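Secondary and tertiary structure notes
These are the residues of each chain, in order.
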Amino acid sequence: MLPKSLQKLIDSLSKLPGVGKKSAQRLAYFLLRSHRSLARDIGESLLTLQDAIALCRQCFMIAEAGANELGLCSICSNARRDKHIICVVEHVFDAEAIERSGEFHGTYHVLHGRIAPLDNITPEDLKMKELLARTELLIEQNAAPEIIIATNPNSEGETTALYIQKLLKPHSIKLTRIATGIPMGADLEYADEVTLARALKGRQNYEA
């Protein structure tokens, strides 16, 4: 029987996405054999993570807590970014992948998920109301916004894109969908920069 402290670490690691029991055991044994400084650094990083990170008040990207008085991330607070163009993504790392392409100079809106009925994830669980509020504010400012839907090209991403299209269609704004170039079933996070750049350049009007 394993010592309780080691078993507790294995149980904790196995709760991470994509980490099964065997992987958790290997990670735990690696940490056990490593220098104490590694375990200490990881522990300190985990303890300070939630206090050091906050969500941007506008786009819901992760940002350094207290980075500015307005509570905005580095993209939303950048005067050179086009605030009239909002790229809607499922997760923070999707936005990071698009940033690496170097082709997008607008802002983002992170939904923090996608509509997935089988997982009991509904639009109310996502940042949909906030997206609608941002869009309506731009319209009130006569800003003529463009909303780029960049949800992942899979069944759940398409369901989410369709919901956004229906949500925003009454406002008669420019609504586009990220173009082909991302293979069906793939995640943006793992796409290369060239593929993402082509997809952004070739975006088209999104019609249901």
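Residues numbered from 1 in each chain as written. Predicted model: local features only at pLDDT ≥ 70, side-chain atom pairs only at ≥ 80, totals over all residues. Heavy atoms only, no water.

Observations concerning the overall build of the protein chain
Filter applied, for reference: The secondary structure listing takes helices from DSSP runs of H or I that are at least 4 residues long and strands from runs of E that are at least 2 residues long, numbered from the N terminus. Each residue's exposure class comes from its accessible area (1.4 Å probe, protein chains only) as a fraction of the maximum for that residue type: buried when under 20%, exposed when over 50%, partly exposed otherwise. Residue contacts are counted whenever heavy atoms from the two residues lie within 4.5 Å of one another. Computed with a 1.4 Å probe, the accessible areas rest on the Shrake-Rupley method; for each residue, only the protein chains presented here act as cover. Neither His nor the chain ends is counted toward charge; the positive residues are Lys and Arg and the negative residues Asp and Glu. To locate a charge, take NZ of a lysine, CZ of an arginine, CG of an aspartate or CD of a glutamate.
The number of helices and strands found in the protein chain is seven helices and seven strands. Listing every helix and strand of the protein chain by position from the N terminus yields α-α-α-β-β-β-α-β-α-β-α-β-α-β. In terms of its C-alpha atoms, the protein chain occupies a principal-axis envelope of roughly 65 × 40 × 35 Å. Buried residues in the protein chain amount to 38% of all 208 residues. When contacts within the protein chain are restricted to residue pairs at least 6 apart in sequence, long-range pairs at least 24 apart make up 56% of them. Taken as a whole, the protein chain presents about 12800 Å² of accessible surface, with 55% of it coming from carbon and sulfur. Taking the 25 positively charged and 26 negatively charged side chains of the protein chain as two groups, their mean positions are separated by 6 Å.

Brief notes about the nonpolar core
Most often, soluble globular proteins keep nonpolar side chains buried together rather than apart. Test applied: For the purposes of this section, nonpolar cores are sets of buried Ala, Val, Leu, Ile, Met, Phe, Trp, Tyr and Cys residues that join through side-chain atoms within 4.5 Å.
Core analysis: the biggest nonpolar cluster contains 28 residues, and Met61, Cys73, Cys87, Val89, Ile98, Phe104 and Tyr108 have the highest contact counts within it. Those elements that place two or more of their residues in this core are β3 (85-89), α4 (92-101), β4 (107-110) and α7 (193-201). It is α4 that provides the largest number of residues to this core, a total of four residues. With sequence-adjacent residues up to four places away left out, cysteine 73 is seen in contact with Cys56, Cys59, Met61 and Ala63. One finds Ile115, Ala161, Leu168 and Leu175 within the second-largest nonpolar core, a separate group that totals 17 residues.

Focus on helix α6 (residues 155-168)
Applied cut-off: Expected span, for any helix, means 1.5 Å times one less than how many residues it has. Think of the arc as the fan of directions from the helix axis to the C-beta atoms.
Taking 1.5 Å of rise per residue, 14 residues should cover 20 Å, and α6 covers 20 Å from first to last C-alpha, within 8% of that figure. Among all positions in α6, only Gly157, Thr160, Ala161, Ile164, Gln165 and Leu168 are buried. Along the long axis of α6, the arc covered by the buried residues comes to 140°, so they all point the same way. Away from its buried face, by an angle of more than 90 degrees, α6 presents the exposed residues Ser155 and Lys166.

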